[in-house]
Amino acid sequence: KCSSPAQTEFYQAVEEVLSSLEPLLETNSRYQQQAIIQRIVEPERQIMFRVPWVDDNGNIQVNKGYRVEFNSALGPYKGGLRFHPSVNAGIVKFLGFEQIFKNALTGLPIGGGKGGANFNPKGRSDSEIMRFCQSFMSELYRHIGPNCDVPAGDIGVGAREIGYMFGQYKRLTGRYEGVLTGKSLLWGGSLVRKEATGYGTVYFAEYMLDERGDNLQGKRCLVSGAGNVAIYAMEKLYQLGATPISCSDSAGTLYHEGGIDLRLIKRLKEEQRCGLDEYLDIYPDAIHTPVADYPKDGHAVWRYVADAAFPCATQNELTLGDAQALLANGCQLVSEGANMPTTHEAVDAFLAAGIAYGPGKAANAGGVATSQLEMAQNASMQTWTFEQVDLRLKQIMKNIFISASDTAKEFGQDGNLVLGANIAGFRRVADAMIEQGVV
Ligand code: NDP
């Protein structure tokens, strides 16, 4: 029953989860008796607030801020903050809803939440970003804490923004505590957190291929996005002997036949924060396709011949037309670094074709899992080495793969990791909710 018709992405996410829960709900009446579905689709709490700030010209700007505390059955709310002009209540709810099951799949004690603002960081100076982050935290601080809600980064929120928000939290509360993850390594961050989502997505792909007697060595891979997740997915692909041949940003797609020069991408995106078209200044043989020239039914990034695809930019960036093009070009694997990047119809096309398909809530859970490892280090006042954290990340991704894969088999749908991940995540949360009573 649709009570918030404008929240398209939220309904899309709920529909995907509920449709794959059918085999579980048919055989387990207790979830219906306990009204788990009605309770789980309703956030425990939604906070919406005004974020006023002053730009460099002395003008007052006002944005909308959000934090959705969706489900705390398994632990403190955990999930990122997104700063992007497209952010609205429906986007934050879809992300928070997905986060519940993703966090459950990690096996770690974390509940689901998400937040952000419709703020566009593009073209803003460092001091504007700082003033925005301080204003955002001036309201958010009263709702969060190391044992109740621990936000992290997402699109538009990296170490710089986390730093400004942490500084403001500390000033307002007088407490130095692990209230945010994705912090700088200088003051409480965890090694591997920056790399974790991208690395984890590639580890997940390797586990999917391993089950099919294959691996990533020598594979040509399409990657979308050129932010935190995409960059470290490309880095891990190179480390495992594969070649990323594309990436993209909000302005267009870059294709480089011989392999993307990752050092250059890091410089363009992490340091200079500029567009991918500047890559052509160094490599005139690469191809840059602006968004205006994308195919009508999809995105240029998925129209090249490749063995595997890693969507790492944003939601609904891989359409049915894109899926058909990938399959026609021989693509054998899709592992999602982004949240819900593949439309419903495109997911169905991948499942029907029987290729290895890793849905975001399983394949990109490495980021939040490593955030929880950051919380554990903060709480115990310890710092673990890169190798220690990376080893745990790998093990967590393996466990997620096994859990989704075994659950799919249990329900007679071998290889359907969408169904496996949704049921495995749901069962853990629902069982905890039942044990905690009607709250
Ligand atoms: P970043 O902001 O670092 O990078 C996002 C990238 O995607 C940028 O290259 C950006 O382009 C591009 N992009 C963003 N919005 C659009 C759009 N509407 N159309 C086309 N391109 C777009 O974000 P992350 O890398 O952190 O996040 C990427 C995805 O991964 C998101 O779906 C996020 O929810 C998901 N995710 C992130 C995690 C993390 O740990 N960071 C954890 C789990 C999931 P431009 O450079 O032009 O801005």
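Since the model is a prediction, treat every value here as computed from it, not as a measurement. (Residues numbered from 1 in each chain as written. Predicted model: local features only at pLDDT ≥ 70, side-chain atom pairs only at ≥ 80, totals over all residues.)

Novice: Residues and numbers for the site of the ligand, please.
Specialist: As a structural note, the neighbourhood of the ligand is formed by 22 residues, with Gly227, Asp249, Ser250, Ala338 and Gly367 the closest of them. Residues that form the shell around the ligand fall into these classes: eight nonpolar, 12 polar and two charged. Residues from two domains meet in the shell around the ligand; each of domain 1 (8-178) and domain 2 (195-354) gives at least three. (Near = placed C-beta within 6 Å. Nonpolar A, V, L, I, M, F, W, Y, C, P; charged D, E, K, R; others polar. Domains from an automatic or database assignment.)

Novice: Explain the UniProt feature "active site" (unreviewed entry) in the protein residue by residue, including any values.
Specialist: When the UniProt feature table is mapped onto this chain, "active site" (unreviewed entry) is found at Lys114. Following the sequence through the fold, Lys114 ends up in strand S4 (residues 111-117). Judged by the 31 C-beta atoms lying within 10 Å of it, Lys114 falls in the buried class. Among residues more than four places away in sequence, those in contact with Lys114 are Val68, Gly79, Gly80, Val92, Leu95, Gly96 and Gln99. (UniProt positions renumbered as here; feature names shortened; annotations may be inferred. Helix = DSSP H or I, 4+ residues; strand = E, 2+ residues; numbered from the N terminus. Buried ≥ 20, exposed ≤ 12 C-beta atoms within 10 Å, placed from the backbone. Contact = placed C-beta atoms within 7 Å.)

Novice: Residues and numbers for the packing of helix H10 (residues 320-328) against helix H11 (residues 344-353), please.
Specialist: Running from N to C, H10 and H11 point in directions that differ by 25°, and their axes come no closer than 7 Å. It follows from the interaxial angle that H10 and H11 lie roughly parallel. Handedness of the crossing formed by H10 with H11: right-handed. Residues Leu320, Asp322, Ala323, Gln324 and Leu327 of H10 touch H11, and the partners they reach there are Glu345, Ala346, Ala349, Phe350 and Ala353. (Axes fitted to C-alpha atoms, helices over the stretch in contact; angles between N-to-C directions. Parallel < 35°, antiparallel > 145°, perpendicular 65-115°, else oblique. Left-handed = near helix turned anticlockwise from the far one by under 90°.)

Novice: Could you give an account of the domain arrangement of the protein, with specific residues and numbers?
Specialist: As far as domains go, the protein holds domain 1 (8-178) and domain 2 (195-354). Its C-alpha centre places domain 1 at a distance of 26 Å from the equivalent point of domain 2. Facing the nine residues of domain 1 at the interface are seven residues of domain 2. Looking at the side of domain 1 that touches domain 2 element by element, the count peaks at four residues for helix H1 (residues 8-27).

Novice: Give a description of the sheet that holds strand S5 (residues 149-152) that names residues and reports values.
Specialist: With respect to topology, five strands assemble into an open sheet ordered S1-S2-S4-S3-S5, the strand pairing being mixed. Of all strands in the sheet, those bounded by a partner on one side alone are strand S1 (45-54) and S5. On average, adjacent strands in this sheet sit at an angle of 20° to one another, irrespective of strand direction. (Pairing = 2+ DSSP bridges.)

Novice: Tell me about helix H14 (residues 386-410), and name the residues and values.
Specialist: Counted at 1.5 Å a residue, the expected span for H14 with its 25 residues is 36 Å, and the 36 Å between its end C-alpha atoms agrees. Burial in H14 covers these residues: Val389, Leu393, Ile396, Met397, Ile400, Phe401, Ser403, Ala404, Ser405, Thr407 and Ala408. Contact partners of the buried residues in H14: helix H4 (89-105), helix H7 (193-211), helix H12 (360-363), helix H13 (366-380) and helix H15 (417-435). Directly beyond the C-terminal end of H14, a positive phi value near 70° is found at Gly412. (Expected span 1.5 Å × (residues − 1).)

Novice: Could you give me a rundown of the UniProt feature "binding site: NAD(+)" (unreviewed entry) in the protein, with the residues and numbers involved?
Specialist: Using the residue numbers shown here, the UniProt feature "binding site: NAD(+)" (unreviewed entry) corresponds to Thr197 and Asn228. The largest pairwise C-alpha distance within this set of annotated residues, which runs over 32 residues, is 8.2 Å, so the set is compact in three dimensions. Tracing the backbone through its elements, the reader meets Thr197 in helix H7. If we ignore the near neighbours within four places in the chain, the residues touching Thr197 are Asn228, Val229, Tyr232, Gly337, Asn364, Gly366 and Gly367. Tracing the sequence through the fold places Asn228 in helix H8 (residues 228-239). Of the residues examined, Asn228 has 26 C-beta atoms within 10 Å and is grouped as buried. Excluding residues within four positions of it along the chain, Asn228 makes contact with Gly158, Lys194 and Thr197.

Novice: Explain the nonpolar core to me, using residue names and the numbers behind them.
Specialist: In terms of nonpolar packing, the biggest core is built from 128 residues, with Ala230, Ala233 and Val429 touching the most fellow members. Ranked by residue count, the leading element in this core is H15, at 10 residues. Inspection of this core shows a minimum of three residues originating in each of domain 1 (8-178) and domain 2 (195-354). Excluding residues that lie within four positions of it along the chain, Ala230 makes contacts with Gly198, Val223, Ser224, Gly225, Cys247, Cys312, Ala313 and Gly337. (Core = buried A, V, L, I, M, F, W, Y, C linked by C-beta atoms within 7 Å.)

Novice: Give me the lowdown on the environment of Phe49, citing residues and values where you can.
Specialist: For Phe49, the location among the structural elements is in strand S1. On the basis of neighbour count, Phe49 is assigned to the partly exposed category, with 17 C-beta atoms found within 10 Å. Contacts of Phe49, omitting those with residues within four sequence positions, involve Gly65 and Glu139.

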